[in-house]
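In case you want the letters, here they are:
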There are 2 protein chains.
Amino acid sequence: MALVNEHFLKLPNNYLFADIAKRVNAFKAQHPKADVISLGIGDVTRPLCEAVRTAMHEAVDEMGSSDTFHGYGPEQGYAFLREAIVKGDYLSRGLHIDSSEVFVNDGAKSDTGNFQELIRWDNSIGVTDPIYPVYIDSNAMIGRAGVVEGGRWSNVTYFPCTAENGFVPALPSSRVDVIYLCYPNNPTGTVLSKAELRKWVNYALHNDALIFYDSAYEAYIQDDETPHSIYEIKGARKCAIEFRSFSKTAGFTGVRCGYTIVPKEVTVATLAGERVPLQGLWHRRQCTKFNGASYVSQRGAAATYTPAGREQVKATIAYYMDNARMMLEVLRAKGWRVWGGENAPYLWVQVPEGETSWRFFERMLYGAQVVCTPGVGFGPSGEGYVRLTAFGSRERTEEALERIVKL
Amino acid sequence: MALVNEHFLKLPNNYLFADIAKRVNAFKAQHPKADVISLGIGDVTRPLCEAVRTAMHEAVDEMGSSDTFHGYGPEQGYAFLREAIVKGDYLSRGLHIDSSEVFVNDGAKSDTGNFQELIRWDNSIGVTDPIYPVYIDSNAMIGRAGVVEGGRWSNVTYFPCTAENGFVPALPSSRVDVIYLCYPNNPTGTVLSKAELRKWVNYALHNDALIFYDSAYEAYIQDDETPHSIYEIKGARKCAIEFRSFSKTAGFTGVRCGYTIVPKEVTVATLAGERVPLQGLWHRRQCTKFNGASYVSQRGAAATYTPAGREQVKATIAYYMDNARMMLEVLRAKGWRVWGGENAPYLWVQVPEGETSWRFFERMLYGAQVVCTPGVGFGPSGEGYVRLTAFGSRERTEEALERIVKL
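Remember, it's a predicted structure, so these values are computed and weren't measured experimentally.

Asks: Tell me about the overall build of chain A, and name the residues and values.
Replies: Per the secondary structure count, chain A includes twelve helices and 17 strands. Computed over its C-alpha atoms, the radius of gyration of chain A comes to 21 Å, within 12% of the 22 Å expected for a compact globule of 407 residues. Once the C-alpha set of chain A is aligned to its principal axes, its extents read approximately 60 × 55 × 55 Å. A buried classification covers 62% of the 407 residues belonging to chain A. Of the contacts formed within chain A by residues at least 6 apart in sequence, a portion of 72% connects residues at least 24 apart. When the 43 basic and 46 acidic side-chain charges of chain A are each reduced to a single mean position, those positions are 2 Å apart.

Asks: Report on the packing of aromatic side chains, specifying residues and quantitative values.
Replies: Across all of its chains, the model carries 60 aromatic pairs over all chains by this definition. Measuring from ring centre to ring centre gives 5.3 Å for Phe-115 of chain A and Phe-212 of chain A, while their planes differ by 80 degrees; the resulting arrangement is edge-to-face. Linking Phe-115 of chain A in the loop between α4 (108–114) and β3 (125–129) with Phe-212 of chain A in strand β8 (residues 210–214), this pair joins segments that are 97 residues apart in sequence. This pair shows no difference in class: Phe-115 of chain A is buried, exactly as Phe-212 of chain A is. Both rings, one in Tyr-132 of chain B and one in Tyr-135 of chain B, keep their centres 5.4 Å apart while their planes meet at 85 degrees; by these two values the pair is edge-to-face. Linked through ring pairs, Phe-115, Tyr-132, Tyr-135, Tyr-180, Phe-212, Phe-243 and Trp-282 of chain A together constitute an aromatic cluster. For Arg-23 of chain B, the ring lying beneath its charged end belongs to Trp-358 of chain B, and the centroid distance is 3.8 Å.

Asks: Could you give me a rundown of the side chain of Lys-109 of chain A, with the residues and numbers involved?
Replies: When you line up the elements, Lys-109 of chain A lands in helix α4. Judged by relative accessible area, which is 5%, Lys-109 of chain A ranks as buried. Of note is the side chain of Lys-109 of chain A, whose polar atom sits 3.0 Å from the backbone oxygen of Phe-290 of chain B. Excluding its chain neighbours within four sequence positions, the residues that come into contact with Lys-109 of chain A are Tyr-132 and Val-134 of chain A together with Glu-75, Gln-286, Cys-287, Thr-288, Lys-289, Phe-290 and Asn-291 of chain B.

Asks: Give me the interface of chain B and chain A: which residues, what numbers.
Replies: Each partner contributes to the interface: chain B provides 81 residues, whereas chain A provides 82 residues. Both sides of the chain B and chain A interface together cover about 6,900 Å² of buried area, and 58% of this is carbon and sulfur. Applying the counting criterion to the chain B and chain A interface returns four salt bridges. Inspection of the region where chain B meets chain A yields 44 residue pairs in polar contact (both at pLDDT 80 or more). Breaking the side of chain B that touches chain A down by element, the ones donating at least two residues are α2 (50–62), α4 (108–114), α5 (134–140), β11 (267–269), β12 (275–277), α8 (278–289) and α9 (295–303) of chain B. Per-element accounting of the side of chain B that touches chain A gives the leading share, seven residues, to α8 of chain B.

Asks: Describe the packing of helix α2 (residues 50–62) of chain A against α2 of chain B, listing the residues and the values that go with them.
Replies: In contact at an axis separation of 10 Å, α2 of chain A and α2 of chain B are set at 175 degrees when each is read in the N-to-C sense. Here α2 of chain B runs roughly antiparallel to α2 of chain A, going by the angle between their axes. Only Arg-53, Met-56, His-57, Val-60 and Asp-61 of chain B of α2 of chain B make contact with α2 of chain A, whose side of the interface consists of Arg-53, Met-56, His-57, Val-60 and Asp-61 of chain A. For the contact of α2 of chain A with α2 of chain B, the residue count by class is four nonpolar, two polar and four charged.

Asks: Describe the relation of the copies chain B and chain A, and please don't skip the residues or the numbers.
Replies: Of the transformation superimposing chain B on chain A, the axial component is 0.0 Å and the angular component is 180 degrees, with the fit at an RMSD of 0.0 Å. Both chain copies can therefore be described as sitting about a two-fold axis. Residue His-57 of chain B of chain B places its C-alpha closer to the rotation axis than any other residue of that unit, at 3.0 Å. With an isologous cut-off of 70% or more, the 100% of interface residues of chain B that recur at the interface of chain A puts this contact in the isologous class.

Asks: Describe the sheet that holds strand β9 (residues 240–245) of chain A, with residues and values.
Replies: Residue and element names in this part refer to chain A. Spatial strand order, β2-β10-β9-β8-β7-β3-β6: seven strands in an open sheet with mixed pairing. Single-partner strands in this sheet number two, and they are β2 (102–105) and β6 (156–160). Across the sheet, the mean angle separating the axes of adjacent strands is 20 degrees when strand polarity is ignored. Note that β8 and β9 share four bridges and pair parallel. Pairing of Phe-212 across the sheet is with Ile-241, part of β9.

Asks: Could you give an account of the sheet that holds strand β2 (residues 102–105) of chain B, with specific residues and numbers?
Replies: Residue and element names in this part refer to chain B. The sheet built from seven strands is open, its strands ordered β2-β10-β9-β8-β7-β3-β6 with mixed pairing. If you trace the sheet from one side to the other, it starts and ends with β2 and β6 (156–160), each paired once. Averaged over all pairs of adjacent strands, the angle between strand axes in this sheet comes to 20 degrees, irrespective of strand direction. Relative to strand β10 (residues 258–261), strand β9 (residues 240–245) runs antiparallel, the two sharing four bridges. The residue of β10 that forms the bridge with Arg-244 is Tyr-259.

Asks: Any details on the pattern of salt bridges? Residues and values, ideally.
Replies: Inspection of every chain in the model, using the stated rule, returns 44 salt bridges over all chains. Across the pair Asp-322 of chain B and Arg-325 of chain B runs a salt bridge whose closest N-O atoms are separated by 2.5 Å. You can see Asp-322 of chain B and its partner Arg-325 of chain B sitting in helix α10 (residues 307–333), three residues apart, about one turn around the helix. Through salt bridges with shared partners, a single ionic network connects Asp-35, Arg-396, Glu-399 and Arg-403 of chain A.

Asks: How would you sum up the packing of helix α1 (residues 16–30) of chain A against helix α11 (residues 357–368) of chain A? Please name residues and give values.
Replies: A pair of packed helices is characterised by two quantities: the angle between their axes and the separation of those axes. All names here are of chain A. Across the interface, α1 lies against α11 with an axial gap of 11 Å and an inter-helix angle of 35 degrees. Read as a crossing pair, α1 and α11 show a hand that is right-handed. Contacts between α1 and α11 involve Leu-16, Asp-19, Ile-20, Arg-23, Val-24, Phe-27 and Gln-30 from the first element and Trp-358, Phe-361, Glu-362, Leu-365 and Tyr-366 from the second.

Asks: Give a detailed account of the environment of Arg-310 of chain B, specifying residues and quantitative values.
Replies: Residues and elements named next belong to chain B. Within the fold, Arg-310 resides in helix α10. For the pair Arg-310 and Asn-323, spaced 13 residues apart in sequence, the C-alpha separation works out to 20 Å. Only 3.0 Å separates the side chain of Arg-310 from the backbone oxygen of Gly-88, close enough to count as a polar contact.

Asks: Describe the state of the cysteines, listing the residues and the values that go with them.
Replies: Residues and elements named next belong to chain B. The full count for this structure, using the stated rule, is zero disulfides over all chains. With no disulfide of its own, Cys-49 has Cys-257 as its nearest cysteine by sulfur position, at a separation of 14 Å. We classify Cys-49 as buried; its relative accessible area is 9%. You can see Cys-161 has no disulfide; the closest cysteine sulfur is in Cys-182, sitting 11 Å from it.

Criteria and cut-off values
- Residues numbered from 1 in each chain as written.
- Chains lettered and ligands numbered in written order.
- Predicted model: local features only at pLDDT ≥ 70, side-chain atom pairs only at ≥ 80, totals over all residues.
- Heavy atoms only, no water.
- Helix = DSSP H or I, 4+ residues; strand = E, 2+ residues; numbered from the N terminus.
- Rg over C-alpha atoms; globule rule 2.2 N^0.38 Å.
- Buried < 20%, exposed > 50% of the residue type's maximum accessible area, 1.4 Å probe, protein only.
- Contact = heavy atoms within 4.5 Å.
- Lys, Arg positive; Asp, Glu negative; His and termini not counted.
- Charge placed at Lys NZ, Arg CZ, Asp CG, Glu CD.
- Phe/Tyr/Trp six-rings, centres within 6.5 Å; stacked < 30°, edge-to-face > 60°.
- Lys NZ or Arg CZ within 6 Å of the ring centre and 35° of its normal.
- Polar contact = N/O pair within 3.5 Å; in protein donor to acceptor, adjacent residues only side chain to side chain.
- Buried area = accessible area lost by both parts, 1.4 Å probe.
- Salt bridge = Lys/Arg side-chain N within 4 Å of Asp/Glu carboxyl O.
- Axes fitted to C-alpha atoms, helices over the stretch in contact; angles between N-to-C directions.
- Parallel < 35°, antiparallel > 145°, perpendicular 65-115°, else oblique.
- Nonpolar A, V, L, I, M, F, W, Y, C, P; charged D, E, K, R; others polar.
- Least-squares fit on C-alpha atoms with pLDDT ≥ 70 in both.
- Pairing = 2+ DSSP bridges.
- Left-handed = near helix turned anticlockwise from the far one by under 90°.
- Disulfide = S-S within 2.5 Å.

Pasting the structure below:
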C-alpha cells in the first residue's frame, strides 16, 4: 500500500501570500472600484535591462541553427557563467572561489529548499526569526522540523530578531547543527556587521555546525562596511554554503537563474567520524535531480557581468533604493518606527502598540488600499511588524505613501 | 555536529555517462586525428523550430517593458501553457485532464527525481530493468533503495525486460508500493501495448500501489495502437502520475520545460488509514521548493501547440525517426538483433554471444570510432546489450552505420 510522507501533513495549510491574496480579493470584491497598491510581495517590477535581453535574444538565435544549438548543458552550469560569477562577484572583492565550487541553478528557492537533503534527517536546525518560510518548510517535509506548537516548530531553534536586540540575533545557547542566515535580511531589511557575522562563523567552526547563508539581496548593500559574502569572514570556507540569485540583482524572478557556492573545504561527519566534503555530494545530487538552468537564462545572467550589464543592473537597483529612501524618510518623518531600507529593498515597520500585524494589514488595506505583508507570517518574532517592499514604481510608491501617512 | 545523510554514500561513484566520456577521451588522446561519432548520449541535436524561437523572442521583448514584464509566475506554471497542454496533449485524444492537475516544471528529470518525496521513506519501489538511473538514485538518496549488492539495490524490485520476454515486464510476485514505468522506453526503445499497460494499472488498483509513468518519448510513437498516455487506461486516474517533457518532443533539453500530471483522484494512505490526495501535496511541495519554469521557456513550450509549431515539431521528430528506420534496416540486414527504433528514438542492440556490453562498447569505439551506451549501465538486465540513439544528423548517422557494418 502506497503510504504518504506524513511529515507533509504537519505543514500548516495556510500559506502567507495565498492568505494575503484571499483577503485582498475579498476587499476588491466589496470595493470593485478601489485602486489597490501592493507593497506586499517581494517581486521586482522593472524590466530586464538591455544587455540581458540582447544576450537572451542571441541565445535564442543560437538555438535556431544546428551548428550553435545547445542541448543538455552541464548540470552545474556553463563554464562561461561560473567563471563570470567567480570573477565578477568574488575575485572583485578579493575572494577566491574555484569555478567548480559554483553551482548554477534555476533560482535560490530551489537550492535553499533542496540543500538540506545532504544532511541527516535528525540534525537540528536554527533560524533567525522572522524568516523566509522556505528554510523551515523544506526541513519540515523531511521530518527535521518536528511539529507546530503554538506557531513554533518543535525541533527548530529560533533566534529572535526584534527592535529589542536591534535585529541582531544572539548565538544559540543549545546545540544547533545547521544555521540559516539571510543577509541583507528578508523580511526585516536589516544587515549584519562583519563583527557580528564573524561570531556566527566562529560558532560554526567551534561546534562543527554548518551555516546556510542566503545573500540573495547583497546587490542592494549601499555602505562599504557590510559584508556582501560570508566568505569575507575568515574560516567561512570551512563551514558555510552561500546562496545567491539573479532574481533581485537583475530582475530574474521570471527568468529563473541563481547559484550556490559550495567550498571544497566544507565537510560533514559520518556517524563513524569520517569527514565527507559537501561539494562532491551536491554535485551528485544535482546530476541526479536537476538538468541545469535554461541556456537562455544562463546567457542572460552572464550578461549582467559585462560593463554595460553592470551599469544597467546598478541603475535598476538604484531605482528601487531611491524608493526605499523615500519610504524611510516619509514614514520616519511621521514618527513611525521603521528598520531596513538602507541596504535592502525591504522596510520593516513596527505596528502601533497593542495591534497585531494582521489587524494592521487590514487597516492599511481598508483605510489606504495599500497591501503590506504581516510580519507574523514570517515567524513568531514578526508579530507586531509588517514588511513593505521598495519594488514598486516610483509613482505608485509615492501614491501609497501619501495614503499611508493620511491614515 | 553536522552529520551527512549517509544514504548518499551508498550511491556508486561511477556515473554512466561520465564513465563513457572518460573512455572516449582516453581514446581521443591516443588517436588525436580520429573522427569519433557519438550515438551514445540521448540528447537532441536539431535546432529549435521557428515557432518556438519566435515565441521566445517575443517573451524576451515582453520582459523589456514594465507594462509586459513578468516576475514570479505561478509555481504550477502559467495558465496559458497548462491549458494548451490539456487541450493539445489530452483532450485531442479524448482524455479529460483539469488544468489544475498539470504542473509545469523545468524538465522531467526534476519531477521524476523529486516526486518520491511525497511517499513514506520505507515504501517499496519496483522498476523495469534496464532503466533510466534517476528513478533509483533519487530513491537511494532518501534511503528507500537500500544498498547495492552485486549490481542490484537491495530494496528495489526489478522487472527484467530482455529478448527472452520480448521486453514485456512481468507483474511483481511480491508487494511493490510504487512502480516506475517509462514508455516508449528509455533505454530499450520498446513500447507497451494497451493490454499490457492495463495489467499494470489493474495491479496498482488491486494492490493500492502507485505508478509513476514517464512518457517523455510519447511524441515518437508512430503506430495507432500504442498508448501515448497512461490515462488511456481505465482506472489510471486513480493510481498514476504521468511525467512528460518538451525535451525530446521539441528539442528543449537546453531550454528546460516539462510537466507532470497529478489527477485529483490519486490518493495515498496515512498509517491511520486516511486517504490523502497527492495533487494538493505536490502543489505544496512545488510552492515550497520551486519557483516556476522560466517565462521564456513556457512561452516557447506553448508555441509547440500552435498549428505552425505542431508541424515544425513533427518534422523534427520525423527526421530522427527516419534515422531510426535507416539504422534498423541496415543493422537487421546485417543480421544484428535489434529492438526499439519503431516508436522511439532508441535502438537496443544485442551484442554477440559471450561479449559484455562494455567490451562491445570498446570494440565499437576502437574499431569504428562510434560511441554507443553499454546496456549494463542501465541495470543488470542491460548486460549483453548496447543503446544507439537516432538523435544524430543524417550524414553522421549514415557514416557511423557504414563503419559499424564493416566491423
